[in-house]
Each structure stands twice: as structure tokens, then as C-alpha cells.
Amino acid sequence: MRKRNQMPFNSWLQLGRFVVQATALVITVVGAYALIKGMGVPKWAFYTIVIMGGMFFCGWLCPFGTIQEWLYHVGQSTIGYSLKIPPRIDRLLSYSRYLVLIVLGVFAIEIYEPRLAFSGYFSGKSAEVGAYAMLGGFLLLALFMERPFCRYLCGFGAHYGLLSIIRLFSVKRDSAKCVKCKKCDARCLMGVRVSSTAVVRHPHCINCFKCISTCPVSGALAYGMAFPRLPDVVRRKPGLPL
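This structure is a prediction, so every number in the text was calculated from the model and none was measured.

Q: Explain the overall build of the protein to me, please; I cannot follow it from the model alone.
A: What the protein contains, in helices and strands, is 12 helices and 2 strands. Taken from the N to the C terminus, the helices and strands of the protein come in the order α-α-α-α-α-α-α-α-α-α-β-α-α-β. For the protein, the residues scored as buried account for 42% of the 242 residues in total. A sequence separation of at least 24 residues applies to 81% of the contacts in the protein between residues at least 6 apart.

Q: Just to check I follow, could you spell out unusual backbone geometry for this structure?
A: Peptide bonds are mostly trans, and most non-glycine residues show a negative phi. One non-glycine residue with positive phi stands out, namely Arg147, at about 45 degrees. Along the chain, Arg147 falls in the loop between helix H8 (129–141) and helix H9 (148–152). Residue class for Arg147 comes out buried when judged on its relative accessible area of 1%. The residue Lys180 is not glycine, and still its phi comes out positive at about 60 degrees.

Q: What am I meant to see in empty space enclosed by the protein here?
A: A probe matching the size of a water molecule, rolled over the atoms, marks out where space remains unfilled. Inspection of the entire model under this criterion finds 4 cavities of 30 Å³ or more. Approximately 120 Å³ is the volume found for the largest cavity. Along its surface, the largest cavity is lined by 13 residues, and Cys188, Val194, Cys205, Cys208 and Cys211 are the ones closest to its centre. Its residues assigned to classes, the lining of the largest cavity shows 11 nonpolar, 1 polar and 1 charged. Looking at the lining of the second largest cavity residue by residue, the classes come out as 9 nonpolar, no polar and 4 charged.

Q: In this structure, what is going on with the pattern of salt bridges? I would like to understand it.
A: Scanning all chains against the criterion turns up 3 salt bridges. Linking Glu69 and Arg147 is a salt bridge whose minimum nitrogen-to-oxygen distance equals 3.0 Å. Separated by 78 residues along the polypeptide, Glu69 in helix H5 (residues 63–78) and Arg147 in the loop between H8 and H9 bring together distant segments of the chain. With respect to class, Glu69 is no different from Arg147; both count as buried. When the shortest N-O distance is used, the salt bridge between Arg187 and Glu146 registers 3.1 Å. With Arg187 in helix H11 (residues 183–187) and Glu146 in the loop between H8 and H9, this pair connects stretches of sequence that are 41 residues apart. Looking at Arg187, the relative accessible area reads 23%, which means it is partly exposed. Accessibility expressed as a relative area gives 13% for Glu146, which makes it buried. Taken together, the shared-partner salt bridges connect Arg17, Glu69 and Arg147 into one network.

Q: Would you explain the nonpolar core in this entry?
A: Note on soluble globular proteins: their nonpolar side chains tend to be buried together. Phe64, Val171, Val194, Cys211 and Leu221 are the most contacted members of the largest nonpolar core, which has 34 residues in total. Every element with two or more residues in this core is listed here: helix H1 (9–29), helix H4 (56–61), H5, H8, H9, helix H10 (155–163) and helix H12 (210–214). With residues up to four places along the chain from it excluded, the contact list for Val194 reads Arg173, Cys184, Asp185, Val200, Cys211 and Leu221.

Q: Quick question: what am I supposed to make of the packing of H1 against H5 here?
A: The contact between H1 and H5 brings their axes to 9 Å, and the two run at 120 degrees. Considering the angle they form, H1 stands oblique to H5. When you trace H1 past H5, the crossing you get is left-handed. Side by side, H1 and H5 meet where Arg17, Phe18, Gln21, Ala22, Leu25 and Thr28 of the first sit next to Pro63, Thr66, Ile67, Glu69 and Trp70 of the second.

Q: What exactly am I supposed to notice about the packing of helix H3 (residues 43–53) against H10 here?
A: Pairs of packed helices are described in terms of their axes, by the angle between the two and the distance that separates them. Axis separation between H3 and H10 bottoms out at 8 Å; the angle between their running directions is 60 degrees. When the axis of H3 is compared with that of H10, the two are oblique. Between H3, through Phe46, Tyr47, Val50 and Ile51, and H10, the contact on the second element is made entirely by Phe156, His159, Tyr160 and Leu163. For the contact of H3 with H10, the residue count by class is 7 nonpolar, 1 polar and no charged.

Basis of the calculations
- Residues numbered from 1 in each chain as written.
- Predicted model: local features only at pLDDT ≥ 70, side-chain atom pairs only at ≥ 80, totals over all residues.
- Heavy atoms only, no water.
- Helix = DSSP H or I, 4+ residues; strand = E, 2+ residues; numbered from the N terminus.
- Buried < 20%, exposed > 50% of the residue type's maximum accessible area, 1.4 Å probe, protein only.
- Contact = heavy atoms within 4.5 Å.
- 1 Å grid on protein atoms, 1.4 Å probe; cavity = no way out; pocket = protein on both sides within 12 Å on 5 of 7 lines; lining within 4 Å.
- Points joined across faces, edges and corners; volume = space filled by probe spheres on them.
- Nonpolar A, V, L, I, M, F, W, Y, C, P; charged D, E, K, R; others polar.
- Salt bridge = Lys/Arg side-chain N within 4 Å of Asp/Glu carboxyl O.
- Core = buried A, V, L, I, M, F, W, Y, C linked by side-chain atoms within 4.5 Å.
- Axes fitted to C-alpha atoms, helices over the stretch in contact; angles between N-to-C directions.
- Parallel < 35°, antiparallel > 145°, perpendicular 65-115°, else oblique.
- Left-handed = near helix turned anticlockwise from the far one by under 90°.

Below is the structure:
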């Protein structure tokens, strides 16, 4: 009697992530986001999650990040063009999200952050025209590039990403099993060089686990406990900074 083909764990992982993303997006669209935000989740709880396991919010819950990711799939399926940024320009753009972090921290100009404007739109809040223009521009760009706003202008991701460097749980690479195919690097939504480190602690890592799902060797990449070590902090793809 033949055994039915079972969906591999990596496929279940991405399916589960899709369900969580879709649920978070629906919550935002129907207006429940404002209600949840009003409950007042303490900041220390969010900081604890980031320090323990990294940026799950960015990779699993952020509605603006989800829309960008889905639009890229739509663009690749219909237009089929992927925008490649020259290394030097990409390097400069990568630093820009830390400049945004400084500006938001000093002037508290939250209204100009498209991620917040996106959430505010569906929760009935008004926002500046400039914020919506930026939002629309990044959504259009997302048809040709994976998560452009997350990569270059998200002050929220910059802030918590730096904190996530010391996380206790992260993606680990078994060098004995790794075949150096670098498929994990090519599939990373944020351009992190997974193949060059034993433990991924890059501030751009959003725990999407695309690297684990793409790896052709079972057990070469896994998510688990990994105490922080300075050499574990990795670089992004060539030409891209921390």
C-alpha cells in the first residue's frame, strides 16, 4: 500500500507564515488594529521577544511588509522584471533607514512613516498626503524589488533590528552539512548572507525562514538556541552594510 505524499516541514513552515501574515493583514483592514493597539502592549514585552527570538513582527505580522512581499510575487508572475540596485548605491540606501531612525527619534515624525500610515488608513485615522504618496511609491516599487521599504527606510526595523543582534534564538548553519550552494543567500528577503556564518545575527534578518525552506540539505539550516558571539554578526550581500 502506497504512502500518501506528505507535505515537508519547510512547506508547512511557509504555509503557517502565510496564514499568520494574512490574519494580521485582515485584522488591520477591518480596523481591529486600533483596538489591539489600544490594549497597550507593554514595550518591555516586545523588547523581550526581540531579544529572545529576533524580528518576528517584521517577518510575520507587519501588514506593510506583507503587502510588499505579495506585490513582488505578483510583479514576478506578471511583469517578470526584477530591479537590481548597483552595490554602491544599495550600500548608501541601506544606511538610510538608520538616518530615518534618528529623525523619527529626534523629531517624532511618525506620520511620515508609510508603515504607520498604512495601519492608520484602515483604522480610521487621518494622515498627511506625503505619507500616502510615500506608501504608494514603495508599493509600486515592491512590484520589482523585495521589501524595498523594509530594506531602506523602516526606522522601526532599524531600531529593533539592532537590538535583535543579541537574540538568544536564531537561524544556525551546520558547516558540515552545508554544500555552499548559496541558495539561502539568493532567497533571503532582506539580502543577508546566510551562507557565510554559523549563526545569523544580522539586524536586517526578519525571521522569514526562507533560507531554511530553500536549503536543499536537511538539517543544514535550522532555527534554535544560539548564544551571542561577536564573530556571528554577518554581512549582507557584497556591497551591502550591516
